[in-house]
Amino acid sequence: MTNQRVFSGIQPSGDPHLGNYLGAIQNYVHYQDGNDAVYCIVDLHAVTTQRDPEALRTDTLRLAQVLIASGLDPENCILFAQSHVPQHAQLGWLMQATTSFGELNRMTQFKDKGDRTEFVSSALFSYPALQAADILLYDTNIVPVGDDQRQHLELSRDVAQRFNSRYGDTFVIPEHVIPPVAARVMDLQRPEDKMSKTAEADNGLVMMLEDPKSIEKKFKRAVTDSEDEVRFDPEHKAGVSNLLSILSAVTGETPTDLAERYTQYGRLKVDTAEAVIERLRPIQERFAELSSDPGETARVLSAGAVKAREIAEDVYSRARSNMGFLPV
Ligand code: AMP
Ligand code: TRP
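Keep in mind it's a predicted model, so treat the numbers as computed, not measured. Per chain, the residues get numbers from 1 upward, laid out in the order the sequence is written. Ligands are numbered from 1 and chains lettered from A, in the order in which they are written. With the structure being a predicted model, the display of local features is reserved for residues of pLDDT at least 70 and the display and counting of side-chain atom pairs for 80 or more, all residues being used for whole-chain, interface and lining totals. Think of the side-chain values as coming from all heavy atoms in the structure, minus any hydrogens and water.

Quick notes on the overall build of the protein chain
Cut-off, in case you're wondering: A helix here means a DSSP run of H or I that spans at least four residues, while a strand means a run of E at least two residues long, and both kinds are numbered starting from the N terminus. Here the term buried applies to any residue with accessible area under 20% of the maximum for its type, exposed to any over 50%, and partly exposed to those in between, with areas from a 1.4 Å probe on protein chains only. Only heavy atoms matter for contacts: two residues are in contact if any of them lie within 4.5 Å across the pair.
Helices and strands together make up the secondary structure of the protein chain, namely 13 helices and five strands. Each principal axis of the C-alpha atoms in the protein chain carries an extent, and together these give about 70 × 45 × 45 Å. For the protein chain, the proportion of its 328 residues judged to be buried stands at 52%. Within the protein chain, contacts between residues at least 6 apart in sequence are counted, and of these 76% link residues at least 24 apart.

Here it is in structure tokens:
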């Protein structure tokens, strides 16, 4: 089917890393062609943990620049900041009223994040209801995400179905798409944990805007195992399989095919580093150009918000009317 509505969201909480790129951003770029794609920088989600206001401003603009540098074309998709479209917060409230405490309490991401923060905001807990609102506001068919968002997407579907059965047909039921490889890029030092900005050691985390020399060093030091067989086996050989997945996501060859070509861990590390560096190089160059004109990026986001609002207003008014609110 062509011309589906595609929607995804990404948090402006520091610069994005290689996991964000291979698990999500690469697919955002892929899905903008031949579809109606809408991509949202979810700044409202970012404040579920306390953020320095200046850092939030900087991170939001930089993330927009990284997304454009990665290939999102504002002529070909809608790119905007969540807080610029008030219907997200408004529908978010209706979604909170449609989501149960028990459902939210089962979300593993809340458990992880809640355990790591001292001040656990109520917004961190209800975050998946806002995420459901984000998606449902655009009559979304497809949501490209990394593997860690599966549970949130299932909840979004459940909430949409519940709303539809309580108040009549209102929302399109969304499906998520996860890339066949690298949907869960692992930490290079702790390959049993997913790569994340909150990693304990910086050495396991590769940032999209990182200096090539530093990327090379991190891959060379990547944790593998004490065997000497290159085999794709994520359960027993997490480190080696992670390298194969990363190389696969960049080259398009399957991890098992790649494994057959390597006999040494050292060579695999060097080649993976090189492939990643070469993939990121044009993105970093384009980012450098874009960052010299932040005003232009701000204009792109404002224009995106105007287009997003047009769609969101429509769907939100359908939802509020079906729920029984008086017309304004
Ligand atoms: P976030 O930065 O948490 O907003 O994540 C943005 C997107 O990146 C989401 O679709 C995540 O599923 C995806 N993502 C985050 N970490 C990883 C990872 N380690 N591997 C693959 N995808 C990831
Ligand atoms: N929860 C997502 C994450 O942590 C970000 C997000 C917010 C999102 N709203 C969304 C992803 C809507 C997809 C669709 O990565």
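Quick look at the site of ligand 2
Where we set the bar: By convention in these notes, a residue is near a molecule or strand provided one of its non-hydrogen atoms lies within 4 Å of it. Polar contacts, as used here, are pairs of N or O atoms within 3.5 Å; protein pairs need one atom able to donate a hydrogen and one able to accept it. Residues neighboring in sequence count only if both atoms are side-chain atoms. Exposure was quantified through the Shrake-Rupley algorithm and a 1.4 Å probe, taking into account, for residues, occlusion by the shown protein chains and nothing else.
Around ligand 2, the surrounding shell holds 14 residues, and the nearest of these are Gly 9, Tyr 127, Gln 131, Asp 134 and Gln 149. Tyr 127 is positioned with one of its side-chain polar atoms (N or O) 2.7 Å from a nitrogen atom of ligand 2. Protein chains shield 91% of the accessible area of ligand 2, which is 370 Å² for the free molecule. Only strand S1 (5-10) and helix H7 (122-136) provide two or more residues apiece to the shell around ligand 2. Here the shell around ligand 2 takes four residues from H7, the largest share from any one element.

Observations concerning the site of ligand 1
Our working rule: For this classification, the nonpolar set comprises Ala, Val, Leu, Ile, Met, Phe, Trp, Tyr, Cys and Pro, the charged set comprises Asp, Glu, Lys and Arg, and every other residue, Gly included, is treated as polar.
Around ligand 1 there are 17 residues in total, and Gln 11, Gly 146, Asp 148, Val 185 and Met 195 lie nearest to it. Between ligand 1 and Gln 11 there is a distance of 2.9 Å, counted from an oxygen atom to a backbone nitrogen or oxygen. Between ligand 1 and Val 185, the relevant distance is 2.8 Å, taken from a nitrogen atom to a main-chain nitrogen or oxygen of the residue. Of the residues forming the shell around ligand 1, the biggest block, four residues, is contributed by helix H1 (residues 18-32). Looking at the shell around ligand 1 residue by residue, the class counts come to seven nonpolar, seven polar and three charged.

Focus on the side chain of Asp 233
Inspection of the secondary structure puts Asp 233 in the loop between helix H9 (212-220) and helix H10 (238-251). Here Arg 231 takes part through its side chain, which lies 3.0 Å from a polar atom of the side chain of Asp 233. Every residue in contact with Asp 233, bar those within four places of it in the chain, is listed here: Ala 238 and Ser 241.

Comments concerning empty space enclosed by the protein
What counts is decided by this rule: Buriedness of a pocket was judged along seven lines, with at least five required to meet protein on both sides within 12 Å; pockets are open sets of points on a 1 Å grid over the protein atoms alone, cavities are sets where a 1.4 Å probe fits but cannot get out, and lining residues have an atom within 4 Å of a point. Grid points are joined across faces, edges and corners, and a volume is the space filled by probe spheres set on the points.
Applying the stated criterion to the full structure yields one cavity of 30 Å³ or more. By volume, the largest cavity is sized at about 50 Å³. Around the largest cavity, the lining residues are Gln 109, Phe 110, Lys 113, Leu 124, Tyr 127, Pro 128 and His 152. Every element with two or more residues in the lining of the largest cavity is listed here: helix H6 (108-116) and H7.

Let's talk about the pattern of salt bridges
We apply this condition: By salt bridge we mean one thing: a side-chain nitrogen of Lys or Arg within 4 Å of a carboxyl oxygen of Asp or Glu.
All chains considered together, the criterion is met by 21 salt bridges. Two residues, Arg 162 and Glu 103, come together in a salt bridge whose shortest N-O distance is 2.7 Å. Remark: Glu 103 occurs in helix H5 (residues 101-105) and Arg 162 occurs in helix H8 (residues 150-167); sequence separation between them is 59 residues. Glu 103 gets classed as buried once you look at its relative accessible area, which sits at 9%. Counted as one network, the salt bridges with shared partners bring together Asp 147, Arg 150 and Arg 184.

Side note on helix H12 (residues 265-291)
Defined as follows: Helix span, as expected, comes to 1.5 Å for every residue beyond the first. One fitted axis covers the seven residues ending at a residue, a second covers the seven starting there, and the bend at that residue is the angle between these axes.
The end-to-end C-alpha distance of H12 is 37 Å, a good match for the 39 Å that 27 residues give at a rise of 1.5 Å each. Of all bends in H12, the biggest is about 30 degrees, found at Leu 280, and the proline Pro 282 comes one to four residues later.

Here we look at the nonpolar core
For the record, the criterion: Put simply, buried Ala, Val, Leu, Ile, Met, Phe, Trp, Tyr and Cys residues joined by side-chain atoms within 4.5 Å make one nonpolar core. Domain start and stop positions are those given by an automatic or database domain assignment.
Formed by 57 residues in total, the largest nonpolar core has its most connected members in Leu 22, Tyr 39, Leu 67 and Phe 219. Counting residues per element, this core draws most heavily on H12, at ten residues. The residue makeup of this core includes at least three contributed by each of domain 1 (5-182 + 293-323) and domain 2 (212-288). Among residues more than four places away in sequence, those in contact with Phe 219 are Leu 18, Leu 188, Val 206, Leu 243, Ile 246, Lys 269, Thr 272, Ala 273 and Val 276. Counting residues in each nonpolar core, the second largest holds 36 residues, with Ala 133, Leu 136, Leu 155 and Phe 163 among its members.

Let's talk about the environment of Met 207
Mapping Met 207 onto the fold places it in the loop between strand S5 (175-177) and H9. Along the sequence, Met 207 and Ser 196 sit eleven residues apart, while their C-alpha atoms lie 9.9 Å from each other. In this structure Met 207 touches Asp 15, Pro 16, His 17, Lys 197, Ile 215 and Leu 280, once residues within four positions along its chain are discounted.

Digging into the side chain of Lys 237
The residue Lys 237 is located in the loop between H9 and H10 in this model. For Lys 237, a relative accessible area of 1% corresponds to the buried category. Separated by 2.9 Å, the side chains of Lys 237 and Tyr 265 make a polar contact. Among residues more than four places away in sequence, those in contact with Lys 237 are Asp 225, Glu 227, Glu 229, Arg 231 and Tyr 265.

Taken by themselves, the reported measurements are silent on function.
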